[in-house]
Amino acid sequence: MKFTEEHFNKLVMLQEKEYPNNVYSSSRSGYNNIDEALKKYDLELYRFVEDNDLENQVVALMNLETREWAHDQFVEKEKRYIWKLNGLYLVKSTGDGSIFFGSHDASMALSTSQVMEWGYNPKMFDREEVQ
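Criteria and thresholds
- Residues numbered from 1 in each chain as written.
- Predicted model: local features only at pLDDT ≥ 70, side-chain atom pairs only at ≥ 80, totals over all residues.
- Heavy atoms only, no water.
- Core = buried A, V, L, I, M, F, W, Y, C linked by side-chain atoms within 4.5 Å.
- Buried < 20%, exposed > 50% of the residue type's maximum accessible area, 1.4 Å probe, protein only.
- Helix = DSSP H or I, 4+ residues; strand = E, 2+ residues; numbered from the N terminus.
- Contact = heavy atoms within 4.5 Å.
- Expected span 1.5 Å × (residues − 1).
- Arc of directions from axis to C-beta.
- Salt bridge = Lys/Arg side-chain N within 4 Å of Asp/Glu carboxyl O.

Visitor: Got a sec to walk through the nonpolar core? Specific residues and values, please.
Guide: Grouped burial of nonpolar side chains is what soluble globular proteins tend to show. Counting residues in hydrophobic clusters, the biggest one holds 20 residues, and the most contacted among them are Phe3 and Leu11. Within the residue set of this core, elements represented by two or more residues are helix 1 (5–18), helix 2 (34–41), helix 3 (43–51) and helix 4 (55–62). Non-local contacts of Phe3, meaning those with residues more than four positions away in its chain, are made with Leu11, Leu45, Phe48, Val49, Leu54, Gln57, Val58, Leu61, Phe74, Val75 and Glu76. Counting seven residues, the second largest nonpolar core, distinct from the first, contains Tyr81, Trp83, Leu110 and Phe125.

Visitor: Report on helix 1, specifying residues and quantitative values.
Guide: The α-helix advances 3.6 residues per turn, and as a result positions three or four apart in sequence lie on the same side. Compared with the 20 Å implied by 1.5 Å per residue over 14 residues, the 20 Å span of helix 1 between its first and last C-alpha is a close match. Of all the residues in helix 1, the buried ones are His7, Phe8, Leu11, Val12, Leu14, Gln15 and Glu18. The buried side chains of helix 1 occupy one side of the element, clustering within an arc of 160° when seen end-on. Contacts from the buried residues of helix 1 go to helix 2, helix 3, helix 4 and helix 5 (67–74).

Visitor: Tell me what's going on with the pattern of salt bridges, and back it up with residues and numbers.
Guide: Under the counting rule described, the total for this entry stands at two salt bridges. Where Lys10 meets Glu6, a salt bridge forms, and the shortest distance between an N and an O atom there is 3.6 Å. Linking Lys10 with Glu6, this pair stays in helix 1, spanning four residues, or about one helical turn. Classification of Lys10 as partly exposed rests on a relative accessible area of 23%.

Structure representation (structure tokens):
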């Protein structure tokens, strides 16, 4: 069982809030362990971790030194799509990372979460999955 990108983002937020230096330092709120902090922070995610025996993966995802590797190993890859609306395509700027409408030759594959991050409703677009 793999984590979703949403799970990953929640774990990062928990790490930044409770364990700002690293996951081995003490928690700002005095939690004895990560399980306790996770249970208080997000009960649904806590149950997912417990039910699937993913405690070690949580530590790896929250640890600053192993996060990138753990993300590649334990987080489900989001499908990417070409997004089209009224003949225009969503394009991500290489400069500031913003998303705007452009021509087909500038279109690029974006995940649903990237489209939502910029305030767009994915249901209003036609989309084509990219491998």
